[in-house]
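Chain and residue survey
Residue-level listing of the chains:
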Amino acid sequence: MTPNRRQRLTPADRRAQLRAIGAELFAEQPYDEVRMDQVAARAGVSRALLYRYFPNKRDLFTAVYRQATDRLIDTVRLDPSAGLEQQLRDGLDAHFDYFTANRHAVLAANRILAGDETIQAMMADELDVMCERLLDGGTLGDAPREAVGAVVMSWLVFVRVLCVEWLGQEQPAFSQEELREICVGSLLGSLRPLMDPPQG
């Protein structure tokens, strides 16, 4: 892409522009290959100006990932009129579509920056929101909320770990559709003892 001519932008607009360019580069390339001078060149600004907004690559990535997480959470809205299986499939499809479109960024967040407290806090917040939405979706029957919540939260962690492993494979062991059905089946199987307790 040809660098843009230097534009006068408000600080908020400049920050948004740099974050958007960072999102493009982190989606296109592995984290270790993205350079701050690439971001500056694509934005048509000096590195000094870039560093005024984002002192280092980690700060830029964190801003990019925070926005992406917020958008993903906003996108995944469970239909209360749908059954549990359909809610799960719809939610998983939205996540998997995002993960595959942003493979490098997802792998960076879950592997290269796995020890970063800010990134981990964002992931934890996302899991909390998704867990609450499933619990409030009206499809889990009368099973004790605390017990179901523990299972759902553990399942969400399982899905993330499995998806990251899947994304990291050069030759994935299964298709995205198979991945979705594995995840759906694992939650349904785990919840069955709580939703259909043994009789007598």
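Here is a short report on the structure shown in this document. Please read these numbers as outputs of a predicted model, since none were measured by experiment.

Looking only at helices and strands, the chain features 9 helices and 0 strands. Along the chain direction, N to C, the helices and strands of the chain fall in the order α-α-α-α-α-α-α-α-α. Along the three orthogonal principal directions, the C-alpha set of the chain runs to about 75 × 35 × 30 Å. Expressed as a percentage of the 200 residues in the chain, the buried residues total 44%. Surface accessibility of the chain: about 10900 Å² in total, with carbon and sulfur atoms responsible for 51%. Of the side-chain charges in the chain, 23 are positive and 29 negative, and the distance between the mean point of each set is 12 Å.

Here we come to the packing of helix α4 (residues 57-75) against helix α5 (residues 84-101). Two quantities define a packed helix pair, namely the angle between the axes and the distance from one axis to the other. The interhelical angle for the contact between α4 and α5, taken along N-to-C directions, is 155°, at an axis separation of 11 Å. Comparing their axes, α5 and α4 come out roughly antiparallel. Between α4 and α5 the crossing geometry is right-handed. Here Tyr65, Ala68 and Leu72 of α4 lie close against α5, whose contacting residues are Ala94, His95 and Tyr98. Of the residues belonging to the contact of α4 with α5, the class tally is 5 nonpolar, 1 polar and no charged.

The description of two aromatic rings rests on the distance between their centres and on the angle between their planes. A complete count under the given rule lists 5 aromatic pairs for this structure. An angle of 15° between the planes, with centres 5.7 Å apart, marks the rings of Phe61 and Tyr65 as stacked. Separated by 4 residues within a single helix, Phe61 and Tyr65 lie in helix α4, roughly one turn from each other. Residue Phe61 shares its accessibility class with Tyr65, and that shared class is buried. Through a chain of ring-to-ring contacts, the aromatic side chains of Phe26, Tyr31, Phe61 and Tyr65 assemble into a single cluster. Here Lys57 stacks its cationic end above the ring of Tyr31, 4.3 Å away from the centre of that ring.

The next thing to look at is the nonpolar core. Residues Phe26, Phe61, Tyr65, Phe96, Ile119, Trp155 and Cys183 are the most contacted members of the largest nonpolar core, which totals 60 residues. At 10 residues, the largest contribution of residues to this core is made by helix α8 (residues 145-167). Apart from residues no more than four positions distant in its own chain, Trp155 is found in contact with Leu88, Leu92, Leu134, Cys183, Ser186 and Leu187.

What counts, and where the lines are drawn
- Residues numbered from 1 in each chain as written.
- Predicted model: local features only at pLDDT ≥ 70, side-chain atom pairs only at ≥ 80, totals over all residues.
- Heavy atoms only, no water.
- Helix = DSSP H or I, 4+ residues; strand = E, 2+ residues; numbered from the N terminus.
- Buried < 20%, exposed > 50% of the residue type's maximum accessible area, 1.4 Å probe, protein only.
- Areas by Shrake-Rupley, 256 points an atom, 1.4 Å probe, with all protein chains shown as cover.
- Lys, Arg positive; Asp, Glu negative; His and termini not counted.
- Charge placed at Lys NZ, Arg CZ, Asp CG, Glu CD.
- Axes fitted to C-alpha atoms, helices over the stretch in contact; angles between N-to-C directions.
- Parallel < 35°, antiparallel > 145°, perpendicular 65-115°, else oblique.
- Left-handed = near helix turned anticlockwise from the far one by under 90°.
- Contact = heavy atoms within 4.5 Å.
- Nonpolar A, V, L, I, M, F, W, Y, C, P; charged D, E, K, R; others polar.
- Phe/Tyr/Trp six-rings, centres within 6.5 Å; stacked < 30°, edge-to-face > 60°.
- Lys NZ or Arg CZ within 6 Å of the ring centre and 35° of its normal.
- Core = buried A, V, L, I, M, F, W, Y, C linked by side-chain atoms within 4.5 Å.

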